[in-house]
Amino acid sequence: MNNNSIKEIESKAIWYLEKYASSSQNLRKYLKRKVMNSHLNIGSDEIINKVISKLESQKILNDNFFAESKVRSLLNKGWSTKKIGLKLKELGIGDELIDENINNLDGNEEEINLVSAITLV
């Protein structure tokens, strides 16, 4: 593991986060795809884990904040809570964090889904 590899992978991560909000798992998948067939692939799992840990400790990458903002955004688009949960799972958010963010919404689930359906229509 050399410093140039770390810097290259870290710059790919920063570039991605400048363009897109992401969960740590989603960023990990992106970085693995980017380094798969390149010179960066050797020892990349360890480097990617270090880069993600560093970004999390600097509060640049925060799964809870990502999940919370994604829930609100998708609710405003008229998505049901079940569909939101499935999307968050697809983006690498854990079940506990999904449940926590959906349960933190104002109102009960039936009312939320009714309002989302009205918004969708």
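Residue indices begin from 1 for each chain and proceed along its sequence in written order. This being a predicted model, a pLDDT of at least 70 is required before a residue's local features are given, and a value of 80 or more before pairs of side-chain atoms are given or counted; all residues contribute to the totals for chains, interfaces and linings. Side-chain descriptors were evaluated using all non-hydrogen atoms of the structure, hydrogens and water having been removed beforehand.

Draft legend 1. Quick look at the overall build of the protein chain. Counting its secondary structure elements, the protein chain contains seven helices and zero strands. Strands are runs of DSSP state E lasting at least two residues, helices are runs of H or I lasting at least four, and both sets are numbered from the N terminus onward. Reading the helices (α) and strands (β) of the protein chain from amino to carboxyl end gives α-α-α-α-α-α-α. Two things to know: the radius of gyration comes from C-alpha atoms, and the globule rule equals 2.2 Å times the number of residues to the power 0.38. A compact globule built from 121 residues should have a C-alpha radius of gyration of about 14 Å, whereas the protein chain, at 17 Å, is more than 25% larger. Taking the principal axes of the C-alpha coordinates as reference, the protein chain spans close to 55 × 25 × 20 Å. Using a 1.4 Å probe on the protein chains alone, a residue whose accessible area is under 20% of its type maximum counts as buried, one over 50% counts as exposed, and one in between counts as partly exposed. Within the protein chain, buried positions represent 36% of all 121 residues. Within the protein chain, contacts between residues at least 6 apart in sequence are counted, and of these 66% link residues at least 24 apart. The Shrake-Rupley method, run with a 1.4 Å probe, gives the accessible areas here. Residue values count only the displayed protein chains as cover. On the protein chain, roughly 7,900 Å² of surface is accessible, and the fraction owed to carbon and sulfur atoms is 49%. Neither His nor the chain ends is counted toward charge; the positive residues are Lys and Arg and the negative residues Asp and Glu. Working definition for charges: the position is that of NZ of Lys, CZ of Arg, CG of Asp or CD of Glu. Charge-centre separation for the protein chain: the mean point of 18 positive side chains lies 9 Å from the mean point of 17 negative side chains. Contacts are assigned to residue pairs with any non-hydrogen atoms lying within 4.5 Å of each other.

Draft legend 2. A look at helix H6 (residues 95-103). Among the residues of H6, those classed as buried are Leu97, Ile98, Asn101 and Ile102. Take H6 and look down its axis: the buried residues cluster within an arc of 125°, on one side only. Relative to its buried face, H6 has exposed residues pointing more than 90 degrees away, namely Glu96 and Asn103. Looking at the buried side of H6, the elements it contacts are helix H4 (63-76) and helix H5 (81-90). What the arc describes is the spread of directions from the helix axis to the C-beta atoms.

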